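Structure assessment
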Amino acid sequence: TDNAPTWAALREHIIHSTPTGQRLHREAEQRASGRGPPHIDSTLRIFDTNDTDAVRVTLYRDQAAWCPYCQKVWLYLEEKRVPYRVQKVPMNAYGDKPAWYTRKVDGGRLPAIELDGKICVESLDIMKLLEDSFIKMEPEEDAKLSEELLQLEKELQRDWFSLVFYPVKDEALKKAQSDLLDTLQRVDGVLSQTPGPWFLGGSHPSIIDIQYIVQIERLIVSSLYWKGLIIRDSGRFINIDLWLEAWEDRPAYLATKSDYYTHVMVIPSQNGPGYSIPEAKGIANAIYGLDDAWKWNKKTTSSYSIEPLAPKQLPDGEEGARHEAAYKLISNAEKIIQFCCRGAGEPGRPSFHAELADPYAEPNYDFVDAVNICLRHVTVALLHGIDDGDTTNNVRLDLFGKGGSNELRPDWYEYKDDDGKTYYWDEITGEISYTPPTQQLDTCLMYLRDRVGVPRDMGQAAAMQLRIHLNWAIDILESHT
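Residues numbered from 1 in each chain as written. Predicted model: local features only at pLDDT ≥ 70, side-chain atom pairs only at ≥ 80, totals over all residues. Heavy atoms only, no water.

Okay, the overall build of the chain next. For the chain, the count of helices and strands is 18 helices and 8 strands. A globule of 481 residues ought to have a C-alpha radius of gyration of about 23 Å, and the chain, at 23 Å, matches this closely. Viewed in the frame of its principal axes, the chain has a C-alpha envelope of about 70 × 60 × 45 Å. Counting only residues that meet the buried cut, the chain has 54% of its 481 residues in that class. The contacts in the chain between residues at least 6 apart in sequence include a share of 71% that link residues at least 24 apart. For the chain, the accessible surface area stands at approximately 21,700 Å², while carbon and sulfur atoms represent 49% of it. The chain carries 53 positive and 74 negative side-chain charges, and their two centres are separated by 3 Å. (Helix = DSSP H or I, 4+ residues; strand = E, 2+ residues; numbered from the N terminus. Rg over C-alpha atoms; globule rule 2.2 N^0.38 Å. Buried < 20%, exposed > 50% of the residue type's maximum accessible area, 1.4 Å probe, protein only. Contact = heavy atoms within 4.5 Å. Areas by Shrake-Rupley, 256 points an atom, 1.4 Å probe, with all protein chains shown as cover. Lys, Arg positive; Asp, Glu negative; His and termini not counted. Charge placed at Lys NZ, Arg CZ, Asp CG, Glu CD.)

This is the structure we're talking about:
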């Protein structure tokens, strides 16, 4: 049965009857002409100029917004308001670079910019070139201090890698953690010496601030996920906390910022595997969406308390976050339906390093109609709330108990981990998954849930709402009573 509204009716409602939908629709129209707030989907940014022919810079960055070095240059261009165009290219971790790009840029490296017809690579070199080519960012940088801070940033990266990406144990683990905390304390001390939040003072972030924020954003989550080490809001680094709050008050940073889940799924493909300790398992499970972390309940529909939300990440409140997720589903429904059907299809070849990347996966088109109904019901719940009576009644009529038979794919076997949680292992590839590797309707929704990326697909708050609402639909599909 199909008791869900059509996509056309849902689109009409989101655009004309919700403030968030109206805002997002207006911003999409502004992006088409190179204006509006910073956004992952922008391909042209002209800021205050009206002459698109005068745009001198083209930024080549990764299309999934995973690359930390691309984030630096993207953030610099936004903060400095340098008009630029964007072309997106896959990272090696999740796709093949097109031939035109490898011919243009030696080695196909990312990021790259083209300024007045000349190519420049390496993020720090790019930012320095832009600094020399356009009006300098405030304040005027002290060359000696800047070099000292860049050296400290390298030391911070060294200590971060030593703790998270090396299999240290016992005394070596204690020393690695102590070294990282000591270096963070030095960073905190530097920030305490300026009157404002920024490393070099002034009213705006500098290149130094950009160098640090991209690393510290990833350091915070990886240290928490693999080692259970709380850095932010721990009371130990007050000036770093204030600096992070200052960044999160800037729309350009929020447009480029990822969430904890996306980071932990992406970082190993770039830095190598992180090494977990038992003490981190509870918080790691919550970040990963286990232990009902992505489940809805009446008391709190936002169970993402582990990762703080800045006020500007919830401009329209929690309802607005739901409506942002709904807007994204409605705006790209046909492609998302086909993407979901990969969950019941066949893995692609070749495969790539990034765990959740499978660009050549083959959808199972037998599930298109059923997935279509499911996603329209999810969209209705995002618009009106899971606890809406009509929403619940209609979704149960259409989806109740229709998840599938739970038959595992060939070569996959079910096991229990040390905490009694079920996981699945492929004896051929060695792949491990906590999501059942089946070929059925609920697996299609799980495939989407596990691949919602921030900021690629939507903002942090909207992504959490979409994961929660997909789990709600999955639970109904799997219900038998």
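Read from one edge of the open sheet, 5 strands run 1-3-2-4-5, paired in mixed fashion. Strands with a single pairing partner mark the edges of an open sheet, and in this sheet they are strand 1 (44–45) and strand 5 (118–121). By the bridge criterion, 6 bridges tie strand 2 (residues 57–62) to strand 3 (residues 84–89) in an arrangement that is parallel. Its bridge partner being in strand 3, T58 is matched across the sheet by R85. (Pairing = 2+ DSSP bridges.)

Judged by pairing direction, the sheet is antiparallel, and its 3 strands sit side by side in the order 6-7-8 without closing on themselves. Only two strands of the sheet have a single neighbouring strand rather than two, namely strand 6 (412–416) and strand 8 (432–433).

Among the secondary structure elements, M458 is positioned in the loop between helix 17 (441–449) and helix 18 (460–477). Note: C-alpha distance between M458 and T58 (400 residues apart in sequence) is 24 Å. When residues no more than four places from it in sequence are discounted, the contact partners of M458 are E324, A325, K328, V452, G453, A463 and L466.

Our next topic: helix 18. With 18 residues, helix 18 extends 26 Å from end C-alpha to end C-alpha; this agrees with the ideal 26 Å at 1.5 Å per step. In terms of burial, helix 18 is largely enclosed, as 17 of its 18 residues are buried. (Expected span 1.5 Å × (residues − 1).)

Here the focus is the environment of E147. Its place among the elements puts E147 in helix 6 (residues 143–164). E147 gets classed as partly exposed once you look at its relative accessible area, which sits at 47%. Residues E147 and G348, 201 residues apart in the sequence, show an inter-C-alpha distance of 45 Å.

Turning our eyes to something else, we now look at the pairing of strand 5. The pairing of strand 4 (residues 112–115) with strand 5 spans 4 bridges and is antiparallel. The residue bridging L115 from the neighbouring strand is K118, located in strand 5.

A word on the nonpolar core. Membership of the largest hydrophobic core comes to 77 residues, with the highest contact counts inside it found for I113, F199, Y212 and W243. In terms of residues, this core owes the most to one element, helix 8 (residues 207–227), which gives 13 residues. Contact partners of Y212, with chain neighbours within four places excluded, come to L149, L152, E153, L156, V187, F199 and W243. Formed by 46 residues, the second largest nonpolar core is a distinct cluster that contains A325, A326, A333 and L399. (Core = buried A, V, L, I, M, F, W, Y, C linked by side-chain atoms within 4.5 Å.)

Our next topic: the packing of helix 14 (residues 333–340) against helix 15 (residues 368–384). Axis separation between helix 14 and helix 15 bottoms out at 9 Å; the angle between their running directions is 120°. When the axis of helix 14 is compared with that of helix 15, the two are oblique. As for how helix 14 packs across helix 15, the hand of that crossing is right-handed. When helix 14 is examined against helix 15, the residues I336, I337 and C340 are found in contact with a partner set consisting of V368, V371, N372 and L375. (Axes fitted to C-alpha atoms, helices over the stretch in contact; angles between N-to-C directions. Parallel < 35°, antiparallel > 145°, perpendicular 65-115°, else oblique. Left-handed = near helix turned anticlockwise from the far one by under 90°.)

So, on to the pattern of salt bridges. What the rule picks out here adds up to 25 salt bridges. A salt bridge links E248 to R232; the nearest nitrogen and oxygen atoms lie 2.8 Å apart. With E248 in the loop between helix 9 (238–247) and helix 10 (251–256) and R232 in the loop between helix 8 and helix 9, this pair connects stretches of sequence that are 16 residues apart. The pair E248 / R232 is uniform in exposure class, with both members buried. Salt-bridge contacts for D475 lead to K295; the nearest nitrogen and oxygen are separated by 2.8 Å. With D475 in helix 18 and K295 in the loop between helix 12 (281–288) and helix 13 (317–331), the pair connects residues that are 180 residues apart, well separated along the chain. We classify D475 as partly exposed; its relative accessible area is 32%. Within this structure, R23, E27 and D316 form a network of salt bridges that share partners. (Salt bridge = Lys/Arg side-chain N within 4 Å of Asp/Glu carboxyl O.)

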